[in-house]
Amino acid sequence: MTNGHSETPPPAEPPTPFFDPEIFRSYLLALLPPVIGARPSDLEALFDSDFDERVTRFSGEGGGVLYVVKAKDEEPADDSEQTYHYQLTQHLTYHPSHVLTLALIKRGATLDPTTPLATQLHFLNLFGGEETPYESLHAVVSCGVKPWFDAFVGARGGGKDGGDTKMGIPMTKKKFAELELSLLHLQQNVEIPETHLTIHPVIQRAVEQAQAAGTRPNLSYIPTKTLNDSTFLNTLHAHVNSWIKSIQAVTKLTRDVASGTASQEINFWLSLERALEGIEAQLRSDEVTMVMDCLRNAKRFHATVSFIADTGLKDATDIVHKYNQLMKDFPLNELLSATDLDKIQESLVLIFSHMNRKLRLSPYPIRRALPLVEAISRDFNDQLLRILISYRLPYTPYETFDRLLSQTTNIFRTWDDQIKEFTNVARDVTRKRSERFIPIKIIPAHAKLQERTRYLRDWRKQHEQLAVMTGPTKGLGSAGMDIGGMDMEEEVKEAYEVVKRIDVLDVSVEGTEIWVAAENAYNERVSRVENQIIARLRDRLGTARNANEMFRVFSKFNALFVRPKIRGAIQEYQTQLIDSVKEDIKHLHDKFKTQYRYSEAFHMSQMRDLPPIAGAIIWARQIERQLLTYMKRVEDVLGKGWELYAEGQKLQSESSAFRKKLDTRPVYEAWLHDINRRNMGVDGRLFEIVRLRGGGFQLAVNFDPQIITLFKEVRNLLWLGFQVPHAITNMAKDAKRVYPHAVSLMETVRTYGQTLDLVENNRGIEWLVAEYRNESQRMISKGVNIRWDHFVNQYDTGRFVSSADGRDNRHIQFVREFASVVSVLQDKTNSVIDLYKDILRAVDDLATCSYTTEAFSELLGRIQGAIDRLNLEGYANLDHWVAELDKRIETILLQRLGQIILAWSTEFDRTDDDLRRDTVPLRENKRRIEKRMKEEKFMESHMTIKPFVHEIRIQNQVIFLDPPIEYARAAWIKQLHDWLGVVCRLRRIQSSRYEIGLQMQGSVSSETTYTSLLTHFPDDTLQRPFALIEAKVQQLREYVAKWLQFQSLWDLEAEYVFNRLGDSLAHWQQLLTEIKKARATFDTSETQKSFGVCAIDYEQVQARVNAKYDAWQRDILSRFGVKLGNEMKEMHASILKARNDLEHQSIEGLVGGSRRF
């Protein structure tokens, strides 16, 4: 609505224009005469002096409504015409004289003078008068407000989507329905006439005087003359008689329960109770008490004594109170205000639960209860019909249609169930009350609707199957849609259009005739489609190569076999299909004869934890289900009654015989007998000691595995529907109760045994895991005294009762602790085995690794790291274990030391005849060795000793060795120490690196390297290299001494030598011989002499010694020559002299001389 202004008015202008009351006056003069039947002359009273003010207030902000009241004047004394007067007011009041009230309601905040008032005002007729306004209000709500709201919601999509639900539209609809129902009830409540007892004015006045005086009314307030006045008394007597008649009109009031609705019956008794209570209240009033006192005072006992008995008030009140035990809180409104099918179903359960419960308490007659139920059935029928019609069933999609009618069927089923229960209650109540027998029979008003919905659901299902089969992408496919020049899909749609146009839920005679006519028209169209489908079906079956293809065709068209015409077309294929099914049943026979234990299902059942008996029963039932499927397949294709044919009868008898063999009851009975024969209780001690066949003992859990199988069998058999005896069920419950603990214990003991085997197989770790093993054995010794009975009896309390003190739960706690301890043992054992294997590998590698500090240190570092981990993880006896490991490492390292000493000695002792140990080749050899060390492991055999070259030098005429021999000894010993130090300087493994310890002084004394290994050699291994060094040094000393002898060439004086030799030529000759021999030392082409790991270089002194020697030799030789010459001369002179002497001797003298000689 607009108010006559532009969209953006200037701020200075007033918000609304002035509304002229004359416009409203003209509107009323034109509206009221036809609407409320008023004459224009009578309306002048409306336009009084306050009219303009009222209209101005109404047209402005806040004046929401204005009422025109048509009131009746007092009735004229004569038969003249009734007159009315009119008034305009903003405050609504109700009075019996108000015949009609017209409400004028603004649509907007203000009235716009530029727009017709017809578009700005609602007007509503509110009828009054002597009658109640309930009927008028009910008509306004049910025929005006509610349909208008439903039409608006329906135009927006029916209010079924999520958006409308959130907006509260269903709730609003329910409120409208409840309002409509409430107004209807109020309208029906007025059947009971109100009783007003007539009181004499004198009595009324006396009571008022007494009340004014604040005392109880009594006869003293009435004049004595009046009390004795017969006219006054007769009047009172007449009043009492009129009271009796008016009260009897209420107490004897009844209604025919078969007529009207259930709510009228309920409201009748509730209203009657209120009316009787009102009468009782009036009879207890002071006025009635004074009337009775006056009559008793006048001795008119006839009127007073039988007053209550004549009215029948007490009996009527008693009956109504009892009847209203049923009527009070009767949940009929839940049905009448239901807005959907779920609410209807819930309301039926509530209504019949209330009736069945209250009928046992209330004496409400069964002969009235039966028509009441029928009246409820009429309300139920009307409400259900109203809701179903609102859905427009033929237009809904099939899924929605099927859901709604399925819900409707459930509602009817609920009704039938409740009626059965009600019938039983009614018969029981009739028998207890000893009432005259009446047949408990209820004729439901919804029977026709129930039948129609059931038929409609089946019909729509068949139509939907036909529509799907003729659809574009389903069933027959596009190739078969246009057979014979007919579009089957379109034909089915047009056939359905015939039915959509009618009211399918109209079960009246006319509605049924319309439905039959529409169905005939539908069937006529559909039969043409069926003929086309039959032709297509015959083509497919004719081209089928085997029974499976036939069944495939049948499964495709199976939805249409409910149609008799199509079913008749496939009867000829009966024999083929029966033969096919016989073959399938034969395969089932073969499968059954292989036995369950040898079938694949047996192994699959074990994987799925199915026990043997239950698995066998399930297997047999699967075969039975397959057999039934084959039978059902034949029935689906050939129709009911197929077993009446000769072949079908034979097939039926064979399948029945096979089904008897598949009966699982004997298997169950045999299992039951076996269980009862054996004693399978859960008792005894927790652990048992088992003697092994090969000797020895083993720890085991004293729990029969058959118990576990028992409770699994019981569980599965109960699922399969078998009635297991109570004793076995209890046994299974006990087994199930302790099963988790038994399995835990079994697994723990198995783990414990495996862990001990691991410890046995890895002998070196017993000390490390001894603490955890002892803890496990302590737990076992603790559990030996525990019995299974404690678990069976205490488990339930342990679940629900708090056990902070651990008393009730200590056995379960033991299982958990034992599992935890063994788990720790297993983890620690597995962990220590891995570390132990790493340590062993590293220890073994110590014997074969490269003989280098890096290789040894890396391996010992790995060993130390593993020991540190063991220390961190808190293994016991680590010190002792590490000491043993250290001894093992010492043995290996001692072996490596022996090898290196042997290799060193061999290398030191070899002689190099090829003289390859000169300086340059040594450098090349060193580089090659370093390269090889990088590429491969450097072993002891690869070691080399660095050779030394000593030079014999002469300086200041002094011969000396550079460097001296002591240097060679020191160097060789240092090299030996270096090779030994590769092992001896290694850090010894320690077990207490992570110990803080306060014994700092004591820890210094412990050895941290392997130097002490040198003292462990059993033989003279260590002495040998030092002996070789000393031998080599001695060898060098001897050779160098020869050179140092030549120092005398410079130190000696020639004269001293000559004087020493004297004149003995033998001495001179000996010296010359020795000089000649001594020349071999230096008189050679070589410049050095090799001693293996050492060489003496004499190149520098060789020439000088040679020259000096030559000089000495020359001097001595010349002097020797001189000496020899002189000797020769002297000898020649002697010989000559002797010759001369001889020549001068005579022969006799010679002979005698000779004789003397």
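Just so we're clear, the structure is a prediction, and the values are computed from it rather than from any experiment.

**Considering the packing of helix H18 (residues 447-469) against helix H20 (residues 509-543)**
- Look at H18 against H20: their axes get within 12 Å of each other, and the N-to-C directions meet at 25°. One way to sum up the angle between H18 and H20 is to call them roughly parallel. For H18 against H20, the interelement crossing comes out left-handed. In contact with Arg 452, Tyr 455, Leu 456, Trp 459, His 463 and Leu 466 of H18, H20 contributes Thr 512, Trp 515, Glu 519, Tyr 522, Val 526, Val 529 and Ile 533.
- When grouped by side-chain class, the residues that make up the contact of H18 with H20 number nine nonpolar, two polar and two charged.

**What to know about the sheet that holds strand S7 (residues 948-955)**
- Taken in spatial order, the four strands line up as S8-S7-S10-S9 in an open sheet, and their pairing is mixed. Lying at the two open borders of the sheet, with one neighbouring strand each, are strand S8 (958-962) and strand S9 (1088-1090). Put simply, the sheet's adjacent strands are angled 20° from each other on average, direction ignored.
- With three bridges connecting them, S9 and strand S10 (residues 1094-1097) associate as antiparallel partners. Bridge assignment links Lys 1089 to a residue of S10, and that residue is Ile 1096.
- Strand contacts of helix H42 (residues 1099-1143): S7, S8 and S10, with the helix running at about 35° to S7, the strand carrying the most contacts.

**Here we look at unusual backbone geometry**
- Pro 963 follows Asp 962 through a cis peptide bond whose omega is -10°.
- As for its position among the elements, Pro 963 is in the loop between S8 and helix H36 (965-984).
- Positive phi is not limited to glycine here, since Asp 329 has a value of about 55°.
- Accessibility expressed as a relative area gives 73% for Asp 329, which makes it exposed.
- At Asn 877, a position not held by glycine, the phi torsion is positive, near 55°.
- Structurally, the position occupied by Asn 877 is in the loop between helix H33 (853-872) and helix H34 (878-909).
- Among the residues examined, Asn 877 registers a relative accessible area of 40% and is labelled partly exposed.

**Structural notes on the environment of Val 667**
- Here Val 667 is to be found in helix H27 (residues 665-677).
- A sequence separation of 54 residues divides Val 667 from Ile 613, and the C-alpha atoms of the two residues are 7.4 Å apart.

**Points about the nonpolar core**
- Grouped together as the largest cluster of nonpolar side chains are 110 residues, with contacts concentrated most on Ile 863, Ile 889 and Trp 972.
- Aside from chain neighbours lying at most four places away, what touches Ile 863 is Ile 839, Ala 842, Val 843, Leu 846, Leu 885, Ile 889 and Ile 989.

**Digging into the packing of aromatic side chains**
- Under the definition given, this model contains 22 aromatic pairs.
- On the numbers, 6.2 Å between centres and 90° between planes, the contact of Tyr 455 with Trp 515 is edge-to-face. On the criterion of sequence distance, the pair formed by Tyr 455 in helix H18 and Trp 515 in helix H20 is long-range, its members being 60 residues apart.
- Judged by relative accessible area, which is 4%, Trp 515 ranks as buried.
- Ring centres 6.0 Å apart and planes at 85° place the aromatic pair Tyr 772 and Tyr 875 in the edge-to-face group. Of this pair, Tyr 772 sits in helix H30 (residues 770-783) while Tyr 875 sits in the loop between H33 and H34, and the two are 103 residues apart along the sequence. For the pair shown, Tyr 772 and Tyr 875 are each scored as buried.
- Chaining the aromatic ring pairs together yields one cluster made of Phe 352, Phe 380, Phe 412, Trp 415 and Phe 422.

Criteria and thresholds
Residues numbered from 1 in each chain as written. Predicted model: local features only at pLDDT ≥ 70, side-chain atom pairs only at ≥ 80, totals over all residues. Heavy atoms only, no water. Axes fitted to C-alpha atoms, helices over the stretch in contact; angles between N-to-C directions. Helix = DSSP H or I, 4+ residues; strand = E, 2+ residues; numbered from the N terminus. Parallel < 35°, antiparallel > 145°, perpendicular 65-115°, else oblique. Left-handed = near helix turned anticlockwise from the far one by under 90°. Contact = heavy atoms within 4.5 Å. Nonpolar A, V, L, I, M, F, W, Y, C, P; charged D, E, K, R; others polar. Pairing = 2+ DSSP bridges. Buried < 20%, exposed > 50% of the residue type's maximum accessible area, 1.4 Å probe, protein only. Core = buried A, V, L, I, M, F, W, Y, C linked by side-chain atoms within 4.5 Å. Phe/Tyr/Trp six-rings, centres within 6.5 Å; stacked < 30°, edge-to-face > 60°.

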